[in-house]
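Spelled out, the chains give:
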Amino acid sequence: MTYRSFADLGGREVAGAIVPEAEGELFHAPWEARVMALVVAMGPTGMSNIDMNRSARETLPNYRDLSYYEIWLAALDKLAQQKGVLGRAPPPPTQMLRAAAVAGAIRQGTSASRPAARPARFRVGDAVRTIGAQPQHHTRLPAYARGKSGVIELIHGAHVFPDTNSQGLGEAPQWLYTVAFEEKELWGGTARMQRSTISVDAFEPYLQPA
Amino acid sequence: MSEHEHRHSHEEHAQRAPSPIESRVKELEARLAENGYIDPAALDVIIDEYQTKIGPRNGARVVARAWCDPEFRRWLLQDATAAIAAMGFTGRQGEHMIAVENTPEVHNMVVCTLCSCYPWAVLGLPPTWYKSAPYRARAVKDPRGVLEEFGVRLPESTRIRIWDSTAEVRYLVLPQRPAATETLNERELADLVTRDSMIGTGLPSAP
């Protein structure tokens, strides 16, 4: 089956205005807050990881028709059904987040840093080229930055690799870099030039020496 | 949402039948609670954390301190995760922080074209527009057009630097300190720091 993400929007023609929003305007209905909290609370249960969640969201065929919290809800629903946690004999959760533990858990967070299995392949300043192929699974290299030449700007250490983690194939930590591209490289000569530089955070398997 | 509006929406809620999506959320929550996956009381605490404790005022305090304390500014730009943690802002969606500084030469702007990655620990939950298709599509290709939609016009000579948050690193923009603020203290300065100025789609308020 073809893997297709409906969430990869960078550089696409999308109609509609960007509507500013006041700082205190967090939810537009009480159920949105409930969905946000459900997703946060499901984290420690071990039902899914953040990469599985993103994969479940981006592959919703009606992704573009849904509001953001509708996307979160639909993906949570989909995963919960897939993992059998709604049934009569659910697998036991790794952990249930209690009210008293919430503040601590939020402030603790979940680090994506992992020890590196080998030295980094690239250094700051190295010229690199991103891979061109679109893999048949969740990935974090946006379409607009595929097959493009850029320069390593930052090295973040080794992080959990979303491509494997999203498929339940393990964390397989990979070096993570910030790769900067000139606008002309990404958009060609036809786009209105802006004097801009654009970067993505790219895992080592997305990169080749230029 | 103000307390009044909050109460109001509860009253409305009590008076009418729940919408299909409200029923769906309620049912999902009930089933997950029954199966031992979630504690409904924990959901209340999570919502309260993001409504009253974790929001853009945290980031504003970080920025104001960086404006006042050169030593802290250096630390922030060198190791944002540690510098921000020292102010008590740690954890979820802020585990790996990078602070990027605006100057007359460079203006930084943050986006997540693939989903909605955002530095929750310092800015709280992302605004709707940040998660919306138009912003995610245009920020990388037409940043000056996007800035104009926010009422921001930068000199042609200013280079725009766009950070697409495609992994677990989260970016905080350190905006330029507004002019004529020499007499303001850190708290007063923090009041000038808008959420959008820390995303790069806005500038701090004038004193």
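Just above sits the structure.
Residues numbered from 1 in each chain as written. Chains lettered and ligands numbered in written order. Predicted model: local features only at pLDDT ≥ 70, side-chain atom pairs only at ≥ 80, totals over all residues.

Undergrad: Any chance you could explain the packing of helix H1 (residues 30–42) of chain A against helix H3 (residues 68–82) of chain A here in plain terms?
TA: Relative placement of two packed helices is described by the angle separating their axes and the distance separating the axes. Residues and elements named next belong to chain A. In contact at an axis separation of 9 Å, H1 and H3 are set at 45° when each is read in the N-to-C sense. Relative to H3, the element H1 is oriented oblique. Between H1 and H3 lies a crossing of left-handed hand. Between H1 and H3, the contacting residues are Glu32, Val35, Met36, Leu38, Val39 and Met42 on the first element and Tyr69, Trp72, Leu73 and Leu76 on the second. A breakdown of the residues in the contact of H1 with H3 according to their chemical character gives nine nonpolar, no polar and one charged. (Axes fitted to C-alpha atoms, helices over the stretch in contact; angles between N-to-C directions. Helix = DSSP H or I, 4+ residues; strand = E, 2+ residues; numbered from the N terminus. Parallel < 35°, antiparallel > 145°, perpendicular 65-115°, else oblique. Left-handed = near helix turned anticlockwise from the far one by under 90°. Contact = placed C-beta atoms within 7 Å. Nonpolar A, V, L, I, M, F, W, Y, C, P; charged D, E, K, R; others polar.)

Undergrad: Mind showing me how you'd approach the nonpolar core here?
TA: Across soluble globular proteins, nonpolar side chains have a tendency to be buried as a group. By size, the foremost hydrophobic cluster in this structure holds 111 residues, and its most contacted members are Ala37(A), Ala41(A), Ile46(B), Val63(B) and Leu172(B). At nine residues, the largest contribution of residues to this core is made by H1(A). The residues touching Val63(B), leaving out its near neighbours within four places in the chain, are Leu174(B), Pro175(B), Val193(B) and Met198(B). (Core = buried A, V, L, I, M, F, W, Y, C linked by C-beta atoms within 7 Å. Buried ≥ 20, exposed ≤ 12 C-beta atoms within 10 Å, placed from the backbone.)

Undergrad: Would you take a moment to explain the interface of chain B and chain A for this structure?
TA: Interface size is often expressed as the accessible area that is lost when the parts come together. Listed by partner, the interface residues are 66 residues for chain B and 68 residues for chain A. Those elements that place two or more of their residues in the side of chain B that touches chain A are helix H1 (3–15), helix H2 (20–34), helix H3 (40–53), helix H8 (128–131), helix H9 (133–138), helix H10 (143–149) and strand E3 (159–164) of chain B. Here the element with the most residues in the side of chain B that touches chain A is H3(B); it accounts for nine residues. When grouped by side-chain class, the residues that make up the side of chain B that touches chain A number 32 nonpolar, 15 polar and 19 charged. Examined bridge by bridge, strand E5 (residues 196–203) of chain A and E3(B) share five bridges and lie parallel to one another. By the bridge assignment for E3(B), Ile198(A) is matched with Ile162(B). (Pairing = 2+ DSSP bridges.)

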